[in-house]
Every structure is written in structure tokens, then in C-alpha cells.
There are 2 protein chains.
Amino acid sequence: MSSLRYAIIGTGAIGGYYGARLQQAGCDVHFLLRSDYSAVAASGITVESIDGDLALPVVNAHCDPATMPPVDVAIVALKTTQNHRLAQLLPTLSPRGAVLSLQNGFGVEADITQHLLTQQKRLPTLLGGLCFICSNKVGPGHIRHLDYGRILIGAHNVDSQHHEPTPLMQAIVADFTRANVTANTTDDLPMARWQKLVWNVPYNGLSVVLNATTEEMMADRGVRSLITTLMEEVVTAANAWGEYLSPGTNRRLPEDTVNRMLSLTETMQPYRTSMKLDYDEGRRLEVEAILGHPLRAARLAGYSPLAMTMLYHQLSFFNARLR
Amino acid sequence: MSSLRYAIIGTGAIGGYYGARLQQAGCDVHFLLRSDYSAVAASGITVESIDGDLALPVVNAHCDPATMPPVDVAIVALKTTQNHRLAQLLPTLSPRGAVLSLQNGFGVEADITQHLLTQQKRLPTLLGGLCFICSNKVGPGHIRHLDYGRILIGAHNVDSQHHEPTPLMQAIVADFTRANVTANTTDDLPMARWQKLVWNVPYNGLSVVLNATTEEMMADRGVRSLITTLMEEVVTAANAWGEYLSPGTNRRLPEDTVNRMLSLTETMQPYRTSMKLDYDEGRRLEVEAILGHPLRAARLAGYSPLAMTMLYHQLSFFNARLR
């Protein structure tokens, strides 16, 4: 039985799924909700999952973080476009506590830091987690888990260098493992974020611009070549950033990253990306986390990726129109 | 009174407008029509124009080029996506006759040549014309001319070198001039085509991808920067092509081309581009004429423009979906 207490900030496709799994594993989990609060307080959370369905008729539902007990891990599973609200949404942390952001993109921890500092909050220990999962929220407290599910956790540090896994990170991984979720730690969270972007930049971005699923994009020879170009730019950006931050240490993405991502996508089910889901639902797109911050990091390192820049301007135009 | 006889192949926004003007100027004009044949045969052509409205209740309407007398100038005003039909649509030419393509893009004459040769037709003299005009077909034989109207005519030659204006070109210009249409000749048709592409590539292309008017695109700082990038690529491509075809002759676009195009667009009325109109009407996009041929010409000259390539793949994807 875990001794960790969790808060889930944002009980959607990601927070709902991983929170439910942690509760299933015996952890004390507290869910923060807004529009779904009444439904989840009354009926709990249901997960349809390729790894086994899960019904939690009773969960700790909160509509205000102030009603939560102090937690050891506050899991942030909001869209990055909501990070300006985070200072008001975090519960009290225990002395050993930390914030674990399960958000996509690059510079997510720096973004959270900036929002907390601007609102004069004390900075908690920040962890980042990458979720390799296809899941959707299909209704209040109703999650559909379609594929994958692995989670990779690393520590954020201000100088963006390697960071050994902490005891807290290992305890979180142990909880996930007991919940039947494949979980690992990484000692290089920023490079892990870059690596995930190799997928997210082309597929999230182009799925909105082209109004297409992963399968439709992969079936078109020209779009496939464009996807490859974008992936290569992200790899080049990551490696330039690694060399800039840690000169001479060979801090690079694996050589076969692009080919591996392309092959992976070919074996996937046709998939509407998270950015496409956001677009179709009229929600703001995570353009800064997926493209803006990585672009600025690349330029800082002396590399200006043109296809990423073009995609960034196109998506920003769509975003501006949503307002 | 002109001694030239004209055929208008494709009586739409461009062919309808310029054909009507030529008839107004006293030329013998024969219009080829398909779906609009009955309406135009019965009621003629009406032009609402900023340069003066025009009603031609009686015109020579044809649904088959075989019913036309031999003409001196066969004006091709079809979309370039219809060029495979051209061998069947051209009337007999007089001994001094020529085909004048008023189509947008680069490599249009080579495309026509290829289609005629493949279908074992004799190659006519080929002229190209660039129309700087905003006009729409709003109904059968009903043209709305919104802005501009100038036409620039040059001779095609297989080696893509300079070519002095011929007497026929000068006679055509004289007819247009008498029709109150500003008309000029150029001795460098390919470079004139490149120059027009500096506008057409970004605005036609992005208007479809972003679902936007020229005004909406210019109001967005990021898209404006993307437009500038695309324009600079077209200029670089044009100059690389000019140097490749005519080394050491300074065959280049004017230095201020990009700034002039941006300023021009700022003073334009909000405008739905021709490619956007095609897209909205479910017609195939002129992707090869506007992007494919220019891209291949640039690569032949050793320059591979990345933003144009990206836009090409995006538009080709939309085109493939239209089928």
C-alpha cells in the first residue's frame, strides 16, 4: 500500500485515467473538477481500457483545492493553455511533496514556474511526466483508454541539466507499477520532452492544418515527406539545444528516432490527435507548448527551423481565430 | 476595326471578361462554352465592371470548336487543371494564328505543349498572358469585374530565353488597348510569370490552408511573416532560375519586388483568391501551375525552397481529397 497521497488537477483523458489507476492501486487520490464535479461526486469514475475496465463508484471529488488534505504529489493534467490558472488550483503540498506535470510539450515546467512566480506563490519541487497514451474523455468521469499507457517521469531543474531520480520519483513509479501502468524514470527530462515532440510536432500540428487523422496523413506521400522534414527539424533542434546546454557531452536524441516514430505511427490505430480534438471542440490549441517554446529554445541554440516556424504561424492563426 | 478573329476557350471570370471587351472593341470573337452554352447563346454576356458596365445581348456562342471559323488568336482561359482537354477544345488557327494562354502559374506553356504533343496535335505558336485582375463569374455569361484589369503578353519559346514582341502580339495589344484594357508586351515571359507568382504563391496557397481572405492574413503578424518568407523564396527561386538559364546576364526580379507586393496587397479590397474560390466550389486546385512547376524549376536551378515545398504538400493533400 502506497504512503503517497495524490491530487489530480484536471480530471480529463489523462488525469482521469492515471488518477483512477492510482486509486485502484490503493493510493489516496483526490480529484479536482470543475464542470464535471457534480457528476463525479455522485457517480465516481469509469474507465474503459484495453488494459482492463475499471469502475470507481466512489472517489474523493473536490471543486476547490482548499478542501483537499495536504498531498505528496499534485498531478497537473490540465491543458498547458490553462497554466495561468494553476496558482489557484494547487492544493497544499506535504513537506516532501512535489508537483508532477503530465503535460505535453517543451518548457512546460518553466511556464508553470513563471505563472507561479508572477502570482507570488512559493515554488514547489517540479517533476515532469510524459504520457505515451491514447485516451479520451467521453463524458463526465468517463474515460476511454484506447492504446499504450506508459509514463516516463523526470525531475525539472532550473539549469536544465541531468538530474538523478529522487526517492519521491521512485515512489511514484512504484505506485504506477502496482497500478499496472508501465512507468520509468529518466535523468534527462528535457531531452525526453524533445523526443516526444518528434511525434507531437508533425502529427498534432498537421492534423489541425490538414483536418486529418494520422492514418490519412501517412497515406499521402507528400504529407509523409513533410512529416519527415518536421521530425528531422525537431531532432536537429533537440541536438542543437543539447549541445548548447551541455557542450561536448553528446547530449543527443538516438540516431534512429525519426524512423522509429514513423514506424510506430504506421502500426497505430487511425488516431485523432489531442490538438485536433481540441480544435474540433473549439478549445485553444497548445501551440506554445508544442511549437512556440521549442522554437525559441532552438533559436537560442542558434538553429532556426523553417518548417516548424511555418507550422507555428499557421496554428497561431487558427488559435487567434478561436478566441 | 481589328482584323483579328478571336476564340475564347473557357468563358469564365477571365475569358468572359476579356472576350467581352474585345467584342466591344469591334473584334470578331467566338466563345466556347460548356455548361453555360444555352444561357449565353440565348442572352449573351453581361459584364459589371469598375471600368464601365457592358451588355452584349448577342455573342457568337459555340459548344464545339469545330463550328468556329479559323481564328487568329485562341485565348485559353481554362483552369490549368483542364489543360488535358485542350487538344479537343482548340479551333482551327489561321496561318498567322497563335494560342494565347491567360493562365496563372509557371510552366503553363510547357504543360500545354506536352498535352498537345501527347495527343499528337501540331504545335501552334504559343503566347502567354498575365492578367492582373480581380473578377468573378457570378452566373452564366455574367461577369463581375472588381478591380485592376491590366494584361501583359509575351511569347513562349522552347529555350526560355528573351523573345522580342511579334507583330501578332502587337496587334493583340492594340485590340485590348482599343477595348480600354491596359495591355503591354514583355520580352521575358518566364520572368514575368515568376514575378506574378511572388503574389500568387503565398496568397493563393495560404488562403486555402488557412481558410482566409487576403485581409485576414495580412492582419496576423505571424502569417504576414510567413507570407514574406514565401515571397522571398519565390524571388530567390526566380533569380536562381534566371541565372541557370542565362548565366551572367543579371536576369533577375526587381530588388523591391517583395515590398511592392506587400504594399499592393495592403491597399487591395479584402479578396478571396482564385484558389480559394476553386476550393470553396469543390474544384481542383491549380497546385501544379502555382507551386509544383515552379518548385521543379527552382530545384533544376539548384535551389530547394522549403516553405514552398511545405505549402505544396499541404495543398496537394487538399487536392487529393477533392477527387
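So, how was this worked out
- Residues numbered from 1 in each chain as written.
- Chains lettered and ligands numbered in written order.
- Predicted model: local features only at pLDDT ≥ 70, side-chain atom pairs only at ≥ 80, totals over all residues.
- Heavy atoms only, no water.
- Helix = DSSP H or I, 4+ residues; strand = E, 2+ residues; numbered from the N terminus.
- Buried < 20%, exposed > 50% of the residue type's maximum accessible area, 1.4 Å probe, protein only.
- Contact = heavy atoms within 4.5 Å.
- Areas by Shrake-Rupley, 256 points an atom, 1.4 Å probe, with all protein chains shown as cover.
- Core = buried A, V, L, I, M, F, W, Y, C linked by side-chain atoms within 4.5 Å.
- Disulfide = S-S within 2.5 Å.
- Expected span 1.5 Å × (residues − 1).
- Least-squares fit on C-alpha atoms with pLDDT ≥ 70 in both.
- Salt bridge = Lys/Arg side-chain N within 4 Å of Asp/Glu carboxyl O.
- Axes fitted to C-alpha atoms, helices over the stretch in contact; angles between N-to-C directions.
- Parallel < 35°, antiparallel > 145°, perpendicular 65-115°, else oblique.
- Left-handed = near helix turned anticlockwise from the far one by under 90°.
- Nonpolar A, V, L, I, M, F, W, Y, C, P; charged D, E, K, R; others polar.
- pLDDT = per-residue confidence, 0-100.
- Pairing = 2+ DSSP bridges.
- Phe/Tyr/Trp six-rings, centres within 6.5 Å; stacked < 30°, edge-to-face > 60°.

**Q** Outline the overall build of chain A, listing residues and values.
**A** Of regular secondary structure, chain A possesses 12 helices and 10 strands. Its C-alpha atoms put chain A at 50 × 40 × 35 Å along the principal axes. Taken over 323 residues, chain A has a buried fraction of 58%. Taking the intrachain contacts of chain A between residues at least 6 apart in sequence as the baseline, contacts between residues at least 24 apart amount to 71%. Surface summary for chain A: the accessible area is close to 13,100 Å², and the carbon and sulfur share equals 51%.

**Q** Explain the nonpolar core to me, and be specific about the residues and the numbers.
**A** Judged by nonpolar contacts, the single largest core of 96 residues is most densely connected at Trp194 of chain A together with Trp194 of chain B. Excluding its chain neighbours within four sequence positions, the residues that come into contact with Trp194 of chain A are Phe106, Val234, Ala237, Ala238, Trp241, Leu253, Pro294 and Ala297 of chain A.

**Q** Got a sec to walk through the state of the cysteines? Specific residues and values, please.
**A** Residue and element names in this part refer to chain A. Considering all chains together, one arrives at zero disulfides over all chains under this definition. Free cysteine: Cys134, not disulfide-bonded; nearest cysteine sulfur from Cys131 at 12 Å. Look at Cys134 and you get buried, because its relative accessible area is 6%.

**Q** Mind laying out helix α6 (residues 189-209) of chain A, listing which residues take part and the relevant values?
**A** Residue and element names in this part refer to chain A. Its 21 residues give α6 an end-to-end C-alpha distance of 29 Å, which sits within 8% of 30 Å, the value for a rise of 1.5 Å per residue. Burial analysis of α6 places 20 of its 21 residues in the buried class, which makes it a mostly covered element. One or two steps after α6, the chain reaches Asn211, where phi turns positive at roughly 55 degrees.

**Q** Provide a residue-level description of the relation of the copies chain B and chain A, including the pertinent values.
**A** Rotating chain B by 179 degrees and translating it 0.0 Å along the rotation axis places it on chain A, where the RMSD comes to 0.0 Å. On the angle and the small slide along the axis, the relation comes out as a two-fold axis. Same-surface contact between copies: 100% of interface residues of chain B are shared with the interface of chain A.

**Q** Let's hear about the pattern of salt bridges: which residues, and what values?
**A** If you walk through the whole model with that rule in mind, you get 32 salt bridges over all chains. In this structure, the salt-bridge partner of Arg251 of chain A is Asp188 of chain A, at a minimum N-O distance of 2.7 Å. Of this pair, Arg251 of chain A sits in the loop between α8 (221-245) and α9 (257-267) while Asp188 of chain A is found in the loop between β10 (183-185) and α6, placing the two residues 63 residues apart along the sequence. In this structure, Arg251 of chain A and Asp188 of chain A share a single accessibility class: buried. The shortest N-O distance in the salt bridge between Arg260 of chain B and Asp256 of chain B comes to 3.7 Å. By relative accessible area, which is 40% here, Arg260 of chain B ends up partly exposed. Owing to a relative accessible area of 39%, Asp256 of chain B belongs among the partly exposed residues under this scheme.

**Q** Mind laying out the packing of helix α8 (residues 221-245) of chain B against helix α9 (residues 257-267) of chain B, listing which residues take part and the relevant values?
**A** Residues and elements named next belong to chain B. Where α8 contacts α9, the two axes come as close as 9 Å, and the packing angle between them is 135 degrees. Taken together, the axes of α8 and α9 are oblique relative to one another. The crossing of α8 and α9 is right-handed. Of the residues in α9, those in contact with Arg224, Ile227, Thr228, Met231, Glu232 and Val235 of α8 are Thr257, Val258, Met261, Leu262 and Glu266. Here the residues of the contact of α8 with α9 are counted per class, giving six nonpolar, two polar and three charged.

**Q** How would you summarise the environment of Ser38 of chain B if you had to cite specific residues and measurements?
**A** Residue and element names in this part refer to chain B. Relative to the assigned elements, Ser38 resides in helix α2 (residues 37-43). Under the relative-accessibility criterion, Ser38 is labelled exposed at 55%. Spatially, the C-alpha atom of Ser38 lies 36 Å from that of Leu206, the residues being 168 residues apart in sequence.

**Q** An account of the confidence of the model for chain A is needed here, citing residue identities and associated values.
**A** The pLDDT averaged across chain A works out to 95; a share of 99% of its residues lies at or above 70. Two summary scores accompany this predicted model of the complex, namely pTM at 0.93 and ipTM at 0.89.

**Q** An account of the pairing of strand β3 (residues 45-49) of chain A is needed here, citing residue identities and associated values.
**A** All names here are of chain A. Burial along β3 is one-sided: Ile45, Val47 and Ser49 are buried, and none of Thr46 and Glu48, which face the opposite way, are. As judged from the three bridges shared by β3 and strand β4 (residues 54-56), these two strands associate in the antiparallel manner. Paired with Thr46 across the two strands is Ala55, which belongs to β4. Hairpin connection between β3 and β4: a loop of four residues separates the two successive antiparallel strands, and Gly52 in this loop has a positive phi of roughly 110 degrees. Looking at chain direction, β3 and strand β9 (residues 142-155) are connected through four bridges and run parallel. In the sheet register, Glu48 faces β9, and the bridge partner there is Arg144.

**Q** Could you give me a rundown of the packing of aromatic side chains, with the residues and numbers involved?
**A** Residue and element names in this part refer to chain B. Under the criterion given, the structure shown has 14 aromatic pairs over all chains. Ring centres of Phe106 and Trp194 lie 4.5 Å apart, and the angle between their planes is 35 degrees; this geometry places the pair in the tilted category. Of this pair, Phe106 sits in the loop between β7 (93-101) and α4 (108-118) while Trp194 sits in helix α6 (residues 189-209); the two residues are 88 residues apart in sequence, bridging distant segments of the chain. Each member of the pair, Phe106 together with Trp194, is buried. Seen from their ring centres, Tyr279 and Phe318 are 5.7 Å apart, and the 80 degrees between their planes marks the pair as edge-to-face.

**Q** I'd like a description of the side chain of Asp278 of chain A, backed by residues and values.
**A** Residues and elements named next belong to chain A. Within the element layout of this structure, Asp278 appears in helix α10 (residues 274-280). Under the relative-accessibility criterion, Asp278 is labelled buried at 1%. Every residue in contact with Asp278, bar those within four places of it in the chain, is listed here: Lys79, Arg283, Arg284, Leu285 and Glu286.

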